[in-house]
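If you want the building blocks of each chain, they are given just below.
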Amino acid sequence: MFQNYFKIAIRNLMRHKVFTAINIVGLATGLTCCLLMILHIQHELSFDRFHSKSDRIVRAIMEYSINGSAGMKGDYTSTKVLPSFKRNFPEVESGVRVSHEGRLVRLGDKVFNEKGFVFADSTFFDVFDFQVIEGNRKSLLESPNQIVLTATSAKKYFGEESAVGKTILIGSGQMPFKVTGVVEDCPSNSQIDFDFLASFSSLGTAQEETYFNANYTTYLLLKSPSSLATLQPKITPFMKKELINEKGVNVTYDLEPFTRIHLYSPYDAIVPNSNIVYVYIIGAIALLVLIIACFTYINLSTARSIERAREVGVRKVAGAGRYQLFRQFISESFVLCFLSLLISIGFAALLLPAFNQLSGSFLKMSSLFNWPILGTAMFLVLVISLLAGSYPALVLSNFQPVKVLKGSFKNTSSGTMLRKSLIVFQFVVSVFLIISTLVISGQLYFIQNKKLGYDRDHVIVMPIDMKILDKKDYVKQVLKSNPDILGVSVADSSPVAIIGGYSMEKGLVPGVTAEVGVNAGQIDEEFVKVNGLTILAGADLTHQDMLDASQKDQSKNYHHFIINETAAKNLGWTPEEAIGQKMMLGEQRPGEIKAVVKDFHFASLHTAIQPLVLFQDGWGSEMLVKVNGQNLSKTMDFLAAQWKGFAPHRPFEYRFVDDDYNRMYDSEMKTGKVFNVFAGIALLLACLGLFGLSAYTVKQRVKEIGVRKVIGASATNIVFLISNTFLKLVLIAFVIACPIAYWAMNKWLQGFVYRIDLSYWFFIVAGISAVAIALLTVSIQAIKAAVANPVKSLRTE
């Protein structure tokens, strides 16, 4: 029996190729979106859960303040946190300290600046479950100058030979490290990602136990998942006792569950975090697109109901019961959905690389064919077959055979409201996505074009080390001999992200006045010029200022500070009043304020501008080169050629400041791209549904249209008559979508301190676009009806 149902279903679908093609395209598109989104969501939710002890691992987040000033918080900790907590809290079983730093790696004539270089305690493989290929898991990092390579890194340096027991040189000082093991490459759903893992004891003096010098990440392994609830309340009282002699200093630690870091923490791990909100958004969009596809199927199926009315009448007269007809039509729905699923799997496989690029994921083709995904897909097919197929099946199986065969059948108006409601819902979603796309694009445009207070165009950033730093004056002199190079500066970071945290107080004697927490960065005398900062009061640094701050006898060092407007205001001065004021940065940098610069955005636009101090210390990790951009390729060739002479020990690497800036908004840019794509898909599917309903309406009103044409109605009148009803539906959808979009986008924009206003034109453009596209879609059927021969229409009726 069921075989017969499916055979007839396939025959009917083949007979109506256009109907079948449109439905399959709609459902396949919706299912493709769902499959890709399910893969992405599964990947995001699975982060770090492959570790067997993941439910017992927490990350320590340091929060500190000085004399009641606004506190600073981050995933940085000192070296003392792990050993101290392990000694004093029975809830802590073990832990590991991690430091993620780039390092030069040399083997023979192979030299690379490896970004994925991590230092970790010997307990690393006790806490985490990375798969060891070669080496003894228990002793991989037990001694200084030991290193573990991933499989890819081992092959990169040693080819097919075993890397274990070999020696590679690390850093500009070419310190020898012995390879003690090889592990599998880190999974793509791991927040801890490395290519080289060196023993933490290799850091030498950094082993001193102190609660300050917080430059490391600490993970604690608790004895049980429930230990977190008992441990957290103990930390603040314990730290007050530990720092009882440090007057005015408040330090405590919050513990983050390891498996929540990637989606819930504001503090990035080695792999940048995502956001659970974006996961919800992506999941909701995928679901809405699938619902729109289902509604399109319902509308197109009911549009065909008149064509199949006689078939149903004949079947009922021949003895077919309502239940049999229902099963027949549900079978057609299942066949259609199953074919759509097969096509969607192919589409998803083809689109996976593009989707990875769009979403920033690292999904593999094999993930698409695992049983959970395929099982979910089959479940979706069954649900869609029943839900989307039930209404058309009920409508068709309920036709009265006598009326149908007499030719007096006319579809009732009982389902009209439902079909119109489906169209309204589809366009509510479409208009919402259009508005959201416009707002997100507007905010991204604002981010790209906002005046940041510094010049990020044509500034090249090159990482440097002590060997280059020792001859920086000579390097700068040679580089500036090129007329296309406008300036060269050495600093510890570009102006995009200055994250160093310091305390600052008035006067030159520590502890006399209240301290203020500030961000601070090390610069040289050309930093202001190279980055185009605006001096409001005072004067720029000079070469003599650099010499004053880096004397052989460090006790004689004297600094000339540059502060921003916010720092001056927090210290109670106008820019002019701040000049010449004596200050102490930390406990070892006495000096005076030489200049006040206009506030510039040295962090994300998500946050307000904070107090900032720029100081000279004779040190830096990056060289910033300002070029005129007129002969960029020749300038880059010049820099590469000079680099070989300056730094034969390391490869020539560079990036642009504007790339650093754009990288801060990766999540927003990915979200914007996702909205662009899915707004288009949703609108396309909504138009397919509208096309189906307009076709249904035209067929229902064939006689009416014929009569109107006979009594003198023009083609324009007919088009307006048919289009008017659907335009009203789109306008209703627009009215419903606007407040929803306003609420959602206003909430999203609240995440930015600096943002655009929700202007009315976002809504007007979305409304005009939806109406225009809907009108174009309906006009296809309306014009077809308007130009039809009325005699033929009346004869047919």
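Thresholds applied
The numbering scheme is per chain: residues are counted from 1 as the chain's sequence reads. Local features in a predicted model are, by the rule used here, given only for residues with pLDDT of at least 70; side-chain atom pairs are given and counted only at 80 or more, and totals for whole chains, interfaces and linings are based on all residues. Only hydrogens and water are set aside; all other atoms, that is, all heavy atoms of the structure, feed into the side-chain values. What goes into a patch is any residue over 30% in relative accessible area without a salt bridge, connected to like charges within 9 Å or, for nonpolar side chains (Val, Leu, Ile, Met, Phe, Trp, Tyr), within 5 Å. Here the accessible surface of atoms and residues is derived via Shrake-Rupley with a 1.4 Å probe, and residues count as covered only by protein chains that are part of the display. Salt bridges are counted wherever a side-chain nitrogen of Lys or Arg sits within 4 Å of a carboxyl oxygen of Asp or Glu. His residues and chain termini do not enter the charge count, which takes Lys and Arg as positive and Asp and Glu as negative. Taken as the charge location is NZ of Lys, CZ of Arg, CG of Asp or CD of Glu. Runs of E in the DSSP output that reach at least two residues are strands. Runs of H or I that reach at least four are helices, and both are numbered from the N terminus. Burial classes: relative accessible area under 20% of the type maximum marks a residue as buried, over 50% as exposed, and values in between as partly exposed (1.4 Å probe, protein chains only). Put simply, the grid is 1 Å and covers the protein atoms alone, a cavity is a trapped set of points that fit a 1.4 Å probe, a pocket is an open set with protein on both sides within 12 Å along at least five of seven lines, and lining residues have an atom within 4 Å of a point. Grid points are joined across faces, edges and corners, and a volume is the space filled by probe spheres set on the points. Note on residue categories: nonpolar means Ala, Val, Leu, Ile, Met, Phe, Trp, Tyr, Cys or Pro, charged means Asp, Glu, Lys or Arg, and polar means any other residue, Gly included. For two strands to count as paired, DSSP must find a minimum of two bridges between them. In this description, contact between two residues means that some pair of their heavy atoms is separated by no more than 4.5 Å. Helix axes are fitted to C-alpha atoms over the stretch in contact, other axes to C-alpha atoms as well, and angles between N-to-C directions run from 0 to 180 degrees.

Looking at a negative patch on the surface
Item 1. On the surface, a cluster of negative charge is contributed by Glu184, Asp185, Asp193 and Asp195.
Item 2. For Asp195, the position within the fold is in the loop between strand S10 (175-183) and strand S11 (196-199).
Item 3. Since its relative accessible area comes to 30%, Asp195 is described here as partly exposed.

As for the pattern of salt bridges
Item 1. In the structure shown here, the tally under the stated rule is 23 salt bridges.
Item 2. Asp121 is the salt-bridge partner of Arg97, the closest N and O atoms lying 2.9 Å from each other. Residue Arg97 is located in strand S3 (residues 92-100), and its partner Asp121 is located in the loop between strand S6 (117-120) and helix H4 (124-127); the two are separated by 24 residues in the primary sequence. Across the pair, exposure class does not vary: Arg97 and Asp121 are buried alike.
Item 3. A salt bridge links Arg655 to Asp660, with the nearest nitrogen and oxygen atoms 2.8 Å apart.

Re empty space enclosed by the protein
Item 1. Scanning the model with the defined rule gives 4 cavities of 30 Å³ or more in all.
Item 2. Approximately 50 Å³ is the volume attributed to the second largest cavity.
Item 3. Every residue along the wall of the second largest cavity is listed here: Leu104, Val105, Arg106, Val111, Leu169, Ile170, Gly171, Ser172, Gln174 and His649.
Item 4. Per-element accounting of the lining of the second largest cavity gives the leading share, 3 residues, to strand S4 (residues 103-107).
Item 5. Along the lines of polarity and charge, the residues of the lining of the second largest cavity split into 5 nonpolar, 4 polar and 1 charged.

Thoughts on the sheet that holds strand S24 (residues 655-656)
Item 1. An order of S15-S23-S14-S24 is seen for the 4 strands of this open sheet, with the pairing classed as antiparallel. The strands lining the two open edges of the sheet, one partner per strand, are strand S15 (485-491) and S24.
Item 2. In this structure, strand S14 (residues 459-463) lies alongside S24, joined through 2 bridges in antiparallel fashion. Within the sheet, the bridge partner assigned to Ile460 lies in S24 and is Phe656.
Item 3. Contacts from helix H16 (residues 472-479) reach S14, S15 and strand S23 (622-627), with the element oriented near 160 degrees to S15.
Item 4. Those strands touched by helix H21 (residues 632-646) are S14, S15, S23 and S24, and its axis lies near 20 degrees from that of S14.

The values are spatial; any link to function lies outside them.
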